[in-house]
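# Tertiary structure, described
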Amino acid sequence: MYRRTFLTAGLATLATGGHALAQMKMDDMNAMPGMDHSGHGMAAEPAKPAASLVLKEGETLRELPRLANQATETGLFRANLVAAPATAHFAVGVETPVLAYNGMTPGPLIEAFEGDRIEIDFVNDIPGEDSTIHWHGMPVPADQDGNPMDPVASGATRRYAFDLPAGSAASYWFHPHPHGKTAEQVYRGLAGVFLVRSKADPIPAAYGDTVLVFTDLRLGADGSIPENSMVDLMNGRVGDHILVNGQKNPALDVPLGAKRRFRLYNATNARFLKLSFGAANIVVIGSDGGLLETPVAVEDVLLAPAERLELVVSFDKPGAMQLETLAYERGWMGPGKPDDAGLALLTVNVSGAAGEPMPPLPEKLRAIAALGPTAINRRFVFTEKMGMGASGMEMGFFINDVAFDMKRVDIVAKAGEVELWEVVNKADMDHPFHVHGTQFQVVEHERDGKVTAPAYRAWKDTVNVAQGETVRLLLKQDLPGQRMYHCHILEHEQLGMMGIVDVTV
Ligand SMILES: [Cu+2]
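Analysis parameters
Residues numbered from 1 in each chain as written. Predicted model: local features only at pLDDT ≥ 70, side-chain atom pairs only at ≥ 80, totals over all residues. Heavy atoms only, no water. Helix = DSSP H or I, 4+ residues; strand = E, 2+ residues; numbered from the N terminus. Contact = heavy atoms within 4.5 Å. Pairing = 2+ DSSP bridges. Donors = N, O, S within 2.8 Å, 3.2 Å for Na, K, Ca; no water. Buried < 20%, exposed > 50% of the residue type's maximum accessible area, 1.4 Å probe, protein only. Axes fitted to C-alpha atoms, helices over the stretch in contact; angles between N-to-C directions. Domains from an automatic or database assignment. Buried area = accessible area lost by both parts, 1.4 Å probe. Salt bridge = Lys/Arg side-chain N within 4 Å of Asp/Glu carboxyl O. 1 Å grid on protein atoms, 1.4 Å probe; cavity = no way out; pocket = protein on both sides within 12 Å on 5 of 7 lines; lining within 4 Å. Points joined across faces, edges and corners; volume = space filled by probe spheres on them. Nonpolar A, V, L, I, M, F, W, Y, C, P; charged D, E, K, R; others polar. Core = buried A, V, L, I, M, F, W, Y, C linked by side-chain atoms within 4.5 Å. Phe/Tyr/Trp six-rings, centres within 6.5 Å; stacked < 30°, edge-to-face > 60°. Lys NZ or Arg CZ within 6 Å of the ring centre and 35° of its normal.

## Brief notes about the environment of Ala306
Mapped onto the secondary structure, Ala306 falls in the loop between β16 (301-303) and β17 (308-315). Remark: the alpha-carbon pair of Ala306 and Thr268, spanning 38 residues in sequence, is separated by 7.2 Å. When sequence neighbours within four positions are dropped, the list of residues in contact with Ala306 reads His136, Trp173, Asn266, Thr462 and His488.

Here it is as structure tokens:
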């Protein structure tokens, strides 16, 4: 939609949607990053990519450094994570101020085993801003999960401590979740991988285990990371460069006939990644919450913001093969719609000589019991409201017609009870729905009256709800306390598309 028609549509929405729009508090608007207090308002559109900045491509894919375990006792993982300003070198000869965990973006990779006790001392050295660490997807107690209600003040330290239960092996991650600052702290560089492993992993070790974390970088002409514009707030921030482990289109060499295990992480604020791997065959073996029951062959995959997938890719033809983006219509408002298709994220060079023969992928990976029967049905409806107000463009993103309020409990659930959640998207964009503290199972998708079952049963903590779509899922919270549920386009979460479920015993 072009800007003029967009504004007209926005005004029409305002006329009919005054009730919901009034929930968009002006003090929240003023607290938003990128808000210009000079009276001129904020930039409407993101700045154009800086043409003079060059990001090197084709360097060897880097492995994310492991966070060292300081504990000597077996079964204990203890370490420090410090969030602080740092300098990164993305473009050739240019320094970029970022936020980093222990000086790194993405942060250091945490690797632990089922059954381990985790103790992380978190130091917030971000000047003037609260932060938290949210353990995305992990079954940690509510008071250890980095909720916006539990901020760690600038200069303060707190310990996060939790146990990893049996059966929890999966590709999790961690990122900040402070009220009103999540989107900015993540696009400035704060995100990291948390791998929980099983000692009985059925995937052959010969496939390796390669983590690919996608982030979305935008650089201004001076090499700095610009603040969010109005278009970013509406659509979620999409950058100019999709990076893999902090590199642009890195390279990986494999012998002919190799099979490789990849863990894909969408750690972007708002980029939808529909991906194919050229001529290589892709098999999905895992989702947000760990392995599937059986491998599922696919042509391509859609990875919405915050989702993860585990793949086994077979490289049976010599030559260069690219992990590349395909076109995907995620809904866009206003100018600046990104060109999503045809971006090379990773180049795999397959040698002409065959390597060691690969053991076969097992046909059975694990059992996933169906959740049920259900104790209660709930419905969550996503809407967007936009229009011109007294101080310029106003916008809000709502669940069941209300914007997030940290002091309001939206629903009360009982620990251990299975619930059926119906998530209805009546908005003009896709919204990836995330629930803290547990993993759920998607039962069906409904769009234009047509109901479809998912291609496989899986544990998920984030599911994309496309424009006009309804997603039904089964969910059970085992631990008591307050949990967040929200859109994982982080700008939408920040502008209200979030609620609190209070889980009681
Ligand atoms: Cu959203």
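## Points about the pairing of strand β1 (residues 76-88)
Judged from the eight bridges that link them, β1 and strand β4 (residues 117-124) form a sheet pairing that is parallel. Bridge assignment links Ala83 to a residue of β4, and that residue is Asn124. In this sheet, strand β2 (residues 96-101) lies alongside β1 in antiparallel orientation, the contact comprising six bridges. Among the inter-strand pairings, Ala84 is bridged to a residue of β2, identified as Ala100.

## Some points on the coordination of the copper ion
On the protein side, the copper ion has His431 (ND1), Cys487 (SG) and His492 (ND1) as donor atoms, found 1.9 to 2.1 Å from it. Within one chain, the residues donating to the copper ion are spaced in sequence as H-x55-C-x4-H. Of this pair, His431 sits in strand β24 (residues 431-435) while His492 sits in helix α6 (residues 490-494), and the two are 61 residues apart along the sequence. An identical accessibility class is assigned to His431 and His492; each is buried.

## What about the sheet that holds strand β6 (residues 157-163)?
Strands sit in the order β2-β1-β4-β6 across an open sheet of four strands; the sheet is mixed. Bordering the open sheet on either side are β2 and β6, each of which pairs with just one other strand. Geometrically, the sheet is characterised by an average inter-axis angle of 20° between neighbouring strands, direction not taken into account.

## Considering the domain arrangement of the protein
Under the domain assignment, the protein is made up of domain 1 (76-197) and domain 2 (205-354). At the junction of the two partners, domain 1 supplies 25 residues and domain 2 supplies 27 residues. Both faces considered, domain 1 and domain 2 share a buried interface measuring about 2,000 Å² in area, 61% of it formed by carbon and sulfur atoms. Of all residues in domain 1, Ser171, Trp173 and Tyr187 bury the most surface against domain 2, accounting for 32% of the area lost on that side. Linking domain 1 with domain 2 are one salt bridge, by the criterion used here. A salt bridge links Arg197 to Asp209; the nearest nitrogen and oxygen atoms lie 2.8 Å apart.

## Focus on the layout of surface pockets
Looking at the largest pocket, its volume works out to about 830 Å³. Considering the residues around the largest pocket, the lining is formed by 28 residues, among which Leu302, Glu307, His445, Ala455 and Tyr456 are closest to the centre. Where the lining of the largest pocket is concerned, the elements lending two or more residues are β14 (281-287), β15 (290-298), β16, β17, β25 (441-447), β26 (450-452) and β27 (462-465). The dominant element in the lining of the largest pocket, judged by the number of residues it contributes, is β25, at four residues. Partitioning the lining of the largest pocket into residue classes produces 15 nonpolar, four polar and nine charged.

## As for the sheet that holds strand β8 (residues 192-197)
If you trace the four strands from one edge of the open sheet to the other, you get β3-β8-β7-β5, paired in mixed fashion. Of all the strands in the sheet, just β3 (110-113) and β5 (134-136) have a single pairing partner and so form its edges. Recorded for the sheet is a direction-independent mean angle of 25° between the axes of neighbouring strands. Two strands pair when backbone bridges link them, and strand β7 (residues 170-175) and β8 are joined in this way by five bridges, in the antiparallel orientation. By the bridge assignment, Ala170 is partnered in β8 with Val196.

## Description of the nonpolar core
If you look at the biggest cluster of nonpolar residues, it comprises 37 residues, and the most contacted ones within it are Met395, Trp421, Phe433, Leu473 and Tyr485. Sort the elements by how many residues they give to this core and helix α5 (residues 230-235) lands first, with four residues. Leu61, Val313, Phe315 and Leu346 belong to the second largest nonpolar core, which has 32 residues in total.

## Structural notes on the packing of aromatic side chains
In this structure the tally under the stated criterion is 18 aromatic pairs. The interplanar angle of 65° and the centroid separation of 5.0 Å between the aromatic rings of Phe380 and Tyr485 together place this pair among those described as edge-to-face. Of this pair, Phe380 sits in strand β20 (residues 376-389) while Tyr485 is found in strand β29 (residues 481-487), placing the two residues 105 residues apart along the sequence. A relative accessible area of 3% places Tyr485 in the buried class. Three or more aromatic residues joined by ring pairs form one cluster here, namely Tyr101, Phe122, Trp135, Tyr160, Phe162, Phe174 and Phe194. Above the ring of Phe113, the side-chain terminus of Lys199 is found at 5.1 Å from the ring centroid.

## Points about the pairing of β8
Here β8 lies mainly inside the structure; six of its six residues are buried. Sheet analysis places β3 next to β8, joined by four bridges and oriented parallel. Looking at β8, one finds that Ala112 is bridged to Val196.

## Examining the pattern of salt bridges
One pass over the full model with this rule turns up 34 salt bridges. A salt bridge links Asp121 to Arg159, with the shortest nitrogen-to-oxygen separation between them at 2.8 Å. With Asp121 in strand β4 and Arg159 in strand β6, the pair connects residues that are 38 residues apart, well separated along the chain. Among the ionic pairs, Arg308 bridges to Asp461, the shortest N-O distance being 2.6 Å.

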